[in-house]
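These are the residues of each chain, in order.
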Amino acid sequence: MSKPILISGTQPDGRLHLGNYLGAIKNWVELQNSEKYECYFIIVDYHSLTVDFNPTEKKEEVLGVVRAYLAAGIDPKKSKIFVQSRIPECTELAWILNTITPLGELERMTQFKEKSENKESVNTGLLTYPILMAADILLYDARFVPVGEDQLQHLELTRTLARKFNNKFGKTFIEPRAILSKASRVMSLDNPSKKMSKSHPETCLFLDDPPKDIEFKIKRAVTDSGSEVKFDLEKKPGVSNLLLIYEALSGITIPKLEKKYAGKGYGQFKSNLAEVAIKTLATFRESKFSDKKLKSILTNGAEKAKKIASSKMQVIKNRLGLRV
Ligand code: AMP
Ligand code: TRP
């Protein structure tokens, strides 16, 4: 019997950070290695056009994401890795899904509201972004989508669109389910009420940060009043965020960490966390893959994805009566 399909993706819009890794990519590697799924990992370059970008940097940003996937342990022999824009069926399907998406559903998306806040003018791509994501998922009949918590709303829309299309035109799509990691919402190092994001580089640990930057950023991370290393999201959100990060990086559970640092204060805790982060992230700083190898992985991945996408597109067009 064939394995269920699992899909996820990352935007090539700068350097990847600890939130991307602990919230998503680390989990992908475990899911891939469980051998229970047929895995597809996309570099969603069309999504990344919705924010300001420099065309001369885009190619390097795409290759940078592939490099990080490989360094994390995504294996091109086990998983398909490809670039979104190499599969035009994805934008074709996005157009079709546009026609069944209520505008109000898009306008209430948290990510859209955050990204368009205080802007005089907002591009339409920022609004329709979740439809393109739904197309990525539905095109390949994915059953599972491992993402960080910030993407759950988009996934819910994907499910709604699948259901709506199926009801209107006959069963065509699978309603996908999310898979969340334990660290599905890594918070900013200086403000534990905001998620870690590359838009605030000083408060975000990049996967290829040099050791001295990692140490500096963790030492500066906000902790809470008192000096006890204790997990309490309400009263100690800063320390709790660091504990979640520590647990995800080291595999040592939070109760064990609390015991280890009982009576020791924040200084020792942070300096050990910095050591763990420096050690775990070494793989991203040190991995070397030639551009040629990365490109050949992408060509191979796109060939396989293209076959699946084009046959699914035929079915979709048939359902809509578009094949004359
Ligand atoms: P993006 O960089 O927006 O393409 O995100 C790639 C993946 O990383 C998605 O699955 C996001 O949900 C996840 N992600 C991004 N930021 C965080 C964060 N601060 N905590 C947990 N997951 C995150
Ligand atoms: N929108 C997702 C993000 O910003 C990226 C994405 C695009 C994605 N297409 C996808 C994730 C399909 C999972 C499946 O993180």
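Remember, it's a predicted structure, so these values are computed and weren't measured experimentally.

Q: Would you mind going over the nonpolar core with me for this structure?
A: Side chains that are nonpolar tend, in soluble globular proteins, to be buried together. Counting 63 residues, the largest nonpolar core has Leu22, Ile43, Tyr69 and Ile81 as its most contacted members. Summarising the domain contributions, this core has at least three residues from each of domain 1 (5–185 + 290–320) and domain 2 (201–285). Leu106, Leu161, Ala302 and Ile316 belong to the second largest nonpolar core, which has 41 residues in total.

Q: Any chance you could explain the domain arrangement of the protein here in plain terms?
A: Accessible area lost when the parts come together is the quantity often used to give the size of an interface. The domains assigned to the protein are domain 1 (5–185 + 290–320) and domain 2 (201–285). The gap between the C-alpha centroids of domain 1 and domain 2 is 30 Å. The interface is formed by twelve residues belonging to domain 1 together with 14 residues belonging to domain 2. Of the roughly 1,200 Å² buried where domain 1 meets domain 2, counting both sides, 68% is carbon and sulfur surface. Per-residue buried area on domain 1 facing domain 2 is highest for Arg15, Leu18 and Tyr21; these three make up 43% of the total on that side. Joining domain 1 to domain 2, the criterion identifies three salt bridges.

Q: Which parts of the structure should I look at to understand the site of ligand 1?
A: The full set close to ligand 1 counts 19 residues, and Gln11, Gly148, Asp150, Val186 and Met196 are the nearest of them. Within the contact set of ligand 1, a nitrogen atom lies 2.8 Å away from a backbone nitrogen or oxygen of valine 186. Between ligand 1 and the protein, one listed contact pairs an oxygen atom with a side-chain N or O atom of lysine 198 at 3.4 Å. When the free accessible area of ligand 1 is taken as 490 Å², the share hidden by the protein chains comes to 93%. Of all elements in the fold, only β1 (5–10) and α1 (18–33) reach the threshold of two or more residues within the shell around ligand 1. Among the elements that make up the shell around ligand 1, the one with the highest residue count is α1 (four residues).

Q: How should the site of ligand 2 be read in this particular structure?
A: Around ligand 2, 13 residues are found, and the nearest of them are Gln11, Tyr129, Met133, Asp136 and Gln151. One nitrogen or oxygen atom from the side chain of glutamine 11 is found 3.4 Å from an oxygen atom belonging to ligand 2. One nitrogen or oxygen atom from the side chain of glutamine 151 is found 3.1 Å from a nitrogen atom belonging to ligand 2. Starting from 370 Å² of accessible surface for ligand 2 in isolation, the protein chains cover 92%. When contributions to the shell around ligand 2 are tallied by element, the ones reaching two or more residues are β1 and α6 (124–139). Broken down by element, the residue count for the shell around ligand 2 peaks at four residues, all from α6.

Q: What exactly am I supposed to notice about the packing of aromatic side chains here?
A: Aromatic ring pairs are reported here in terms of the distance separating the ring centres and the angle at which the planes meet. Tallied over the entire structure, the rule returns twelve aromatic pairs. Pairwise contacts between aromatic rings join Trp28, Phe41 and Tyr69 into one cluster. Geometry around phenylalanine 206 places arginine 15 over its ring, the cationic atom sitting 4.2 Å from the centre.

Q: So what exactly am I meant to see when it comes to the pattern of salt bridges here?
A: For side chains bearing opposite charge, pairing can occur when the charged atoms are close. Enumeration over the complete set of coordinates arrives at 21 salt bridges. Here glutamate 89 ties to lysine 306 by a salt bridge, and the two come within 2.8 Å at their closest N and O atoms. Of the two residues, glutamate 89 is situated in helix α3 (residues 89–98) and lysine 306 in helix α13 (residues 291–319); the sequence distance between them amounts to 217 residues. For glutamate 89, a relative accessible area of 6% puts it in the buried group. In this structure, the salt-bridge partner of lysine 195 is aspartate 150, at a minimum N-O distance of 2.7 Å.

Q: Would you take a moment to explain the side chain of histidine 154 for this structure?
A: With respect to the helices and strands, the residue histidine 154 is situated in helix α7 (residues 152–169). The exposure class assigned to histidine 154 is buried, which follows from its relative accessible area of 1%. A distance of 2.8 Å separates polar atoms of two side chains, one belonging to histidine 154 and the other to glutamine 151. Each residue touching histidine 154, except ones within four places of it in the same chain, is listed here: Met109, Gln111, Tyr129, Pro130 and Met133.

What counts as what
Residues numbered from 1 in each chain as written. Chains lettered and ligands numbered in written order. Predicted model: local features only at pLDDT ≥ 70, side-chain atom pairs only at ≥ 80, totals over all residues. Heavy atoms only, no water. Core = buried A, V, L, I, M, F, W, Y, C linked by side-chain atoms within 4.5 Å. Buried < 20%, exposed > 50% of the residue type's maximum accessible area, 1.4 Å probe, protein only. Domains from an automatic or database assignment. Contact = heavy atoms within 4.5 Å. Buried area = accessible area lost by both parts, 1.4 Å probe. Salt bridge = Lys/Arg side-chain N within 4 Å of Asp/Glu carboxyl O. Near = heavy atom within 4 Å. Polar contact = N/O pair within 3.5 Å; in protein donor to acceptor, adjacent residues only side chain to side chain. Areas by Shrake-Rupley, 256 points an atom, 1.4 Å probe, with all protein chains shown as cover. Helix = DSSP H or I, 4+ residues; strand = E, 2+ residues; numbered from the N terminus. Phe/Tyr/Trp six-rings, centres within 6.5 Å; stacked < 30°, edge-to-face > 60°. Lys NZ or Arg CZ within 6 Å of the ring centre and 35° of its normal.

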